Amino acid sequence: MIEWVSLSSGARPVPRPVATPLVWAAAFGGALVLVSVLNSLVGTDRPGLALAVLSLLAALLGLCARFTAAPGTALLCWLFLNGFAIPPAGILTWVAHRDTFWLTCLLVAALVGTALARLLHARAAYRRLTAGAGPTALETGETPYDT
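Keep in mind it's a predicted model, so treat the numbers as computed, not measured.

1. As for a nonpolar patch on the surface
Nonpolar side chains collect at one region of the surface, where Leu 56, Leu 60, Leu 63, Leu 116 and Leu 120 lie side by side and expose about 450 Å² of accessible area between them. Of all elements in the fold, only helix H2 (47–62) and helix H4 (96–131) reach the threshold of two or more residues within the nonpolar patch. Within the secondary structure layout, Leu 120 lies in helix H4.

2. Some remarks on the packing of aromatic side chains
Within this structure, the stated rule accounts for 3 aromatic pairs. Judged by centre distance (5.2 Å) and plane angle (70°), the rings of Phe 28 and Phe 80 are edge-to-face. Taken together, the positions of Phe 28 in helix H1 (residues 20–41) and Phe 80 in helix H3 (residues 70–84) put the pair 52 residues apart, joining distant regions of the chain. Here Phe 80 falls in the buried class, since its relative accessible area comes to 6%. Centroid distance Trp 78 to Trp 94: 5.8 Å. Interplanar angle 70°. Geometry classified as edge-to-face. Remark: Trp 94 occurs in the loop between H3 and H4 and Trp 78 occurs in helix H3; sequence separation between them is 16 residues. Its relative accessible area of 8% is what places Trp 78 among the buried residues. A network of ring pairs unites the aromatic residues Phe 28, Phe 80 and Phe 84 as a single cluster.

3. Quick notes on unusual backbone geometry
With an omega of -5°, the peptide bond between Pro 87 and Pro 88 qualifies as cis. Secondary-structure assignment places Pro 88 in the loop between H3 and H4.

4. Description of the side chain of Thr 20
One can find Thr 20 in helix H1. You can call Thr 20 buried: its relative accessible area is 14%. Setting aside its immediate chain neighbours within four residues, Thr 20 contacts Arg 66, Thr 68 and Ala 69.

5. Some thoughts on the packing of H1 against H2
Interaxial distance between H1 and H2 falls to 10 Å at its minimum, and their mutual angle equals 155°. Looking at the two axes, H1 sits roughly antiparallel to H2. In this structure, H1 meets H2 at a crossing whose hand is right-handed. Every residue of H2 that contacts H1 at Val 23, Ala 26, Ala 27, Gly 30, Ala 31, Leu 34, Val 35 and Leu 38 is listed here: Leu 49, Ala 50, Val 53, Leu 54, Leu 57 and Leu 61. In the contact of H1 with H2, the residues fall into 13 nonpolar, 1 polar and no charged.

Reading the values: rules and limits
- Residues numbered from 1 in each chain as written.
- Predicted model: local features only at pLDDT ≥ 70, side-chain atom pairs only at ≥ 80, totals over all residues.
- Heavy atoms only, no water.
- Patch = residues over 30% accessible without salt bridge, like charges linked within 9 Å, V, L, I, M, F, W, Y side chains within 5 Å.
- Areas by Shrake-Rupley, 256 points an atom, 1.4 Å probe, with all protein chains shown as cover.
- Salt bridge = Lys/Arg side-chain N within 4 Å of Asp/Glu carboxyl O.
- Helix = DSSP H or I, 4+ residues; strand = E, 2+ residues; numbered from the N terminus.
- Phe/Tyr/Trp six-rings, centres within 6.5 Å; stacked < 30°, edge-to-face > 60°.
- Buried < 20%, exposed > 50% of the residue type's maximum accessible area, 1.4 Å probe, protein only.
- Contact = heavy atoms within 4.5 Å.
- Axes fitted to C-alpha atoms, helices over the stretch in contact; angles between N-to-C directions.
- Parallel < 35°, antiparallel > 145°, perpendicular 65-115°, else oblique.
- Left-handed = near helix turned anticlockwise from the far one by under 90°.
- Nonpolar A, V, L, I, M, F, W, Y, C, P; charged D, E, K, R; others polar.

Shape is all these values report; function is a separate question.
This is the structure:
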């Protein structure tokens, strides 16, 4: 029987992020599906809802991505938002204040998702590494009722 083992040595307390092209592929597919569903259920007259849903998608994708994937994720989500979630569908337009705000929202959502994931992974890794570092109560002679 063949047993697969990792070639990397040592413990990896923090999980590795997903490769950037995979995150961008998920952003492309996810934005396509979400905008299609929103257009069929709600219509193209509610871009605020589409922005909120795509920002949530960007934040969720940020949970498993590197920081370098955030700009591309935001841009892909914005392309679907601008191209298909607002009339006229299929035509990219640029309205400076609106599109700058949309790009900023999507980028911040992706960065917040990534930062939150790094913070939670680092905190969990710290707890795993320090959990066995100190002496236990039985080794020091204390009882659980000592204060």
